[in-house]
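Fold and geometry: a report
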Amino acid sequence: MKNSKRVEIKNLTKTFITGKNKVKAVNNISLTVEPGEFICLLGPSGCGKTTMLRMLAGFEIPTSGSIFIGDKDVANLTPDKRDSAMVFQNYALFPHMNVFNNIAYGLKIQKKSKQEIDERVGNILKLMKMENFAERTPSEMSGGQQQRVSLARALIMNSGVLLFDEPLSNLDAKLRLHMRDEIRKLQQDVGITSIYVTHDQAEAMSLSDKVVIMKDGEIMQVGSPIEIYQKPNSKFIAKFIGRANILKAKIISKKEEQTKIKLLGSEYTLNDEIKYNEGDVVEVVVRPESIKFNLDKHEGKVMKSVFMGENHEYEIMLEDQIIEVSLNNPHGKEIKKVGENLTFVFDEESIHII
Amino acid sequence: MNNLKIKIDQELKHIKKLTNDPTLFLTIIFSLIVVSFFVLVPLYNVLKESFTLKGVFSLENYKNAFERSGNVIIILNTLKLGFVTATLSLIIGFFFAYTTSYMKIKGKKIFDFIAMLPIISPPFVVALSAILLFGRQGLITRGLFGIKNFEIYGFHGLVLVQVLSFFPIAFLMLVGLLQGIDPSVEEASRDLGASKLKVFTSVTFPLVIPGLANAFLLVFIQSIADFANPVVIGGNFTTISVKIYQEGIGNFQLGIATALAMILLSMSISMFVIQRYYINKKSYITVTGKVSRARDLVKDRVITVPVFITLITLTLFVILMYILIPIGSFVKLWGINYTPTLDHYKYILDFGMDPIIQTTVLAVIATIITSIFSMVLAFLIVRKKFIGKTFIEFTTIMALAIPGTIIGLGYVISYNITYKIPFTNITLIPPLTGTAFIIIIAFIIRSLPVGIRSGMSSLQQIDPSIEEAASILGASSSKVFSSVTIPMIKEAFFSGLIYSFARSMTLVSTIIFLISAKWKLLTPTVMNNIDTGRIGIASAYCTILIVIVSTVMIVMQIFISKIGVKNKAS
């Protein structure tokens, strides 16, 4: 898309004051989003991601800091003066207008000719496969259909950045998956810079080029979904994204890019570059799905064994620590029972030092 | 200290943001000026005047108010009237509300209808009917029983007409409350072994106690502020409102009038504050939540039949009070000569059309302004952040509790002088008393609070993100308001329109202070005619007034249902 803009946030802070309490909802955040990039702001509720999005949109005024959309600092502009469009959590369609007029609203404000409006609305309806819905009012449509209209209404503005405020959280699980794919495909087709707020990590992982994880008003980590998953920089992120076993290990030796550690009595060689020294005790992350059975590096006792369909979930006790294991085993072969002993090994490549 | 600094900084940023949107900014400034100038300034002047004697500060006026035995009796009268009227209205209102919500009774629509009557009729209609029924030439007292020395004028007559006028307030409030109680709460009590009586005493009644207190205080405020009924039927039983008028306009004793006004105002405001900020918080209905399903109504005929008879008797009596007026307007001389005639209407047509035309024209102008302005204010209060927002919200809602006589008195004191630009001789505002302008302002200020409230409550039910969506699509604040907000709250807008028209047409207390030789309005004209014993003409005026108001209401209702249908079809 021609108009796609770079978004640059510099030292953005928002302080809310209620009575004597002062809450820093967003604390000195800086972030750059390249043109056409899709980023997700991900975090638990109260982490400041929504406040940040609302500042980008112009619904909240920052306490300090600046927001550039393209070359223009918009931090103190009202929403209507900004080159941004938004898809809302509860669709926010105008209940007194039909689909066509909802989508045409922004173009009418820009005083576009009737011909241009008809053409552009027609195109976007076609793109969304909603040609037959033009005359419907929001109350005559399902949640998924309403959200598509909401998306169309934002997309048609051809704005510099598209903002999403948890747009799928009101839909049922199946529709959510479908819409997720649709949003990603549309975004890639039109190439618009997109900033997407969600608390659903699966949504963030599957949609974005870059995930921004926030907590208590601060950014914890920025990275591609794979980086975030494989190399979380903190215990919080390791546990927040997917499931994780956090285990103690000791660094035995450190040579350029090769690090030897001792984990639960056995040695592993990692390719991580690390900031620690020989002899340090560190924490490592091992995902439950990167553990292999029947390889005798470690021996433990099964404490829990639950068949979940695609996967079989175990908890194994070893040296007073519980290790979660998730084994892909759709056919239910060689299931270990509670109380049995078994041997296993951690997948060397997936061990990551925090 | 640091917090304060951040706060100031943020407020400055809000102002800066507002100036980016000039229409919004000017609207806010305009609203602040209007509210200050036409609500606060008059009140301040009343307060100042009450502490002034011969141009210097003095407590003499209050000393007079509390020491002269006549005045003390008037204050006590007012309290007694408020208490008795509120208690009786509450009992009748609760009876109506409880039986219609809990029993299978026919004709519920009629009860809703009589609740509407006091809104469309001028406040002294019931008083006028009471005179027709129980006065010296009364249909019942003299016609039926031949009693010659029965006196309707006085405390008992006043209580009768006030209760009939105000119990619908209690009824409407309590009916909403009782229907908001989840029947499953009562079923739980039954299930745990309570008898039906025990359910009432241990569950239902305790749940509505805050509502009862609320209704009591609202009726109390109405009763002590009432001007029209006491003046028409109070006789020697004088209340503060009447006395304020007599002293302020009749004797031009502004000192004592303002002191009495401040006493009345402090009563009303304190009741209002208790009602709004104390009792309202104690409401349980929000805790019990939504009504899950319909209540099992009492069907036992042993109970419902006598209850129905009582209800219908009371209702018919109320309706009779309203029907008597048109009947009275078509007879020669009530109590003496019941020959049908059109004389009274002919007289009005020949000599007295001015008040009707003037009132209607001014009311229409005021209505249009009020309904737009109240939606704008509701929008600002609910959706925008700006300095002075709390001030506007508080003042306009407080204006509900300010008795009309006090606003009237305040206008007389404040606007009979010329305001000049400081240090110059240029007139900023000429004297406004006696002009149509100040009458329109009075109409607006008196109906604004209800309009704002209904606008606010419908806005609060609409997700703000719909307006945010419009704004991020490029619409300025005024465009958002006209293209999205107004269409979504159009029902509140039109019901506000109807209300302010009815309210303006029937307003008495405030404008009685503002009429002049040029602008004689309808309600004061009716009162003059009652005062001089021309009951037939008074009745004819009242009938015309009720016809105008109800015609406008019906036409508007049809119009609303039409646009409602059109909207759904498109």
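Now for a description of the structure that goes with this document. Per chain, the residues get numbers from 1 upward, laid out in the order the sequence is written. Whichever chain is written first is A, and whichever ligand is written first is 1; the rest continue in order. Residue-level local features of this predicted model are given only where pLDDT is at least 70; pairs of side-chain atoms are given and counted only at 80 or more, and the full residue set underlies all totals for whole chains, interfaces and linings. Note that the side-chain values use all heavy atoms of the structure and ignore hydrogens as well as water.

**Some details on unusual backbone geometry**
All names here are of chain A. What counts, and what does not: The helix count covers DSSP runs of H or I at least four residues long, the strand count covers runs of E at least two residues long, and both are numbered beginning at the N terminus. Each residue's exposure class comes from its accessible area (1.4 Å probe, protein chains only) as a fraction of the maximum for that residue type: buried when under 20%, exposed when over 50%, partly exposed otherwise.
Even without being a glycine, Asn28 presents a positive backbone phi close to 55 degrees. By the element assignment, Asn28 lies in strand S2 (residues 21–33). Here the phi dihedral of Asp320 falls at roughly 65 degrees; this positive angle occurs in a residue that is not glycine. Among the residues examined, Asp320 registers a relative accessible area of 74% and is labelled exposed.

**Brief notes about the sheet that holds strand S17 (residues 321–328) of chain A**
Residue and element names in this part refer to chain A. For clarity, the cut-off: Whether two strands pair comes down to DSSP finding at least two bridges between them. To get an axis, a line is fitted to the C-alpha atoms, and for a helix only the part in contact is used. The angle between two axes follows their N-to-C directions and goes from 0 to 180 degrees.
Pairing is antiparallel across the open sheet formed by 4 strands, whose spatial order is S17-S16-S15-S18. Edge positions in the sheet fall to S17 and strand S18 (341–346), since each has one partner strand and no second. Strand after strand, the sheet turns through a mean of 50 degrees between neighbouring axes, direction not considered. Direction of pairing for strand S15 (residues 291–307) relative to strand S16 (residues 311–318): antiparallel, over a ladder of 6 bridges.

**Let's talk about a nonpolar patch on the surface**
Definition in use: Two joining distances apply to patches: 9 Å for like charges and 5 Å for nonpolar side chains (Val, Leu, Ile, Met, Phe, Trp, Tyr), and every residue must have over 30% relative accessible area and no salt bridge. Where accessible areas are quoted, they stem from the Shrake-Rupley method and a 1.4 Å probe; at the residue level, only the protein chains shown are allowed to cover. Whenever a carboxyl oxygen of Asp or Glu lies within 4 Å of a side-chain nitrogen of Lys or Arg, that contact is scored as a salt bridge.
On the surface, a nonpolar cluster with roughly 450 Å² of combined accessible area is contributed by Leu4, Ile8, Leu12, Ile15 and Ile387 of chain B. Along the chain, Ile387 of chain B turns up in the loop between helix H17 (354–383) and helix H18 (389–398).

**Details of the pattern of salt bridges**
Within this structure, the stated rule accounts for 22 salt bridges over all chains. Salt-bridge contacts for Lys304 of chain A lead to Glu315 of chain A; the nearest nitrogen and oxygen are separated by 3.5 Å. Within this pair, whereas Lys304 of chain A is found in strand S15, its partner Glu315 of chain A is found in strand S16, the two being separated by 11 residues in sequence. Under the relative-accessibility criterion, Glu315 of chain A is labelled partly exposed at 23%. A network of salt bridges, in which partner residues are shared, links Lys14, Arg54 and Glu60 of chain A together with Lys385 and Glu468 of chain B.

**Focus on the sheet that holds strand S6 (residues 84–87) of chain A**
Residues and elements named next belong to chain A. Pairing within the open sheet is mixed, and its 6 strands lie in the order S6-S7-S8-S3-S9-S10. Since the sheet does not close on itself, it has two edges, and those belong to S6 and strand S10 (218–223), each with one partner. Between one strand axis and the next, the sheet turns by 20 degrees as a mean value, whatever way the strands run. Where strand S3 (residues 38–42) lies against strand S8 (residues 193–198), 5 bridges are found, and the strand directions are parallel.

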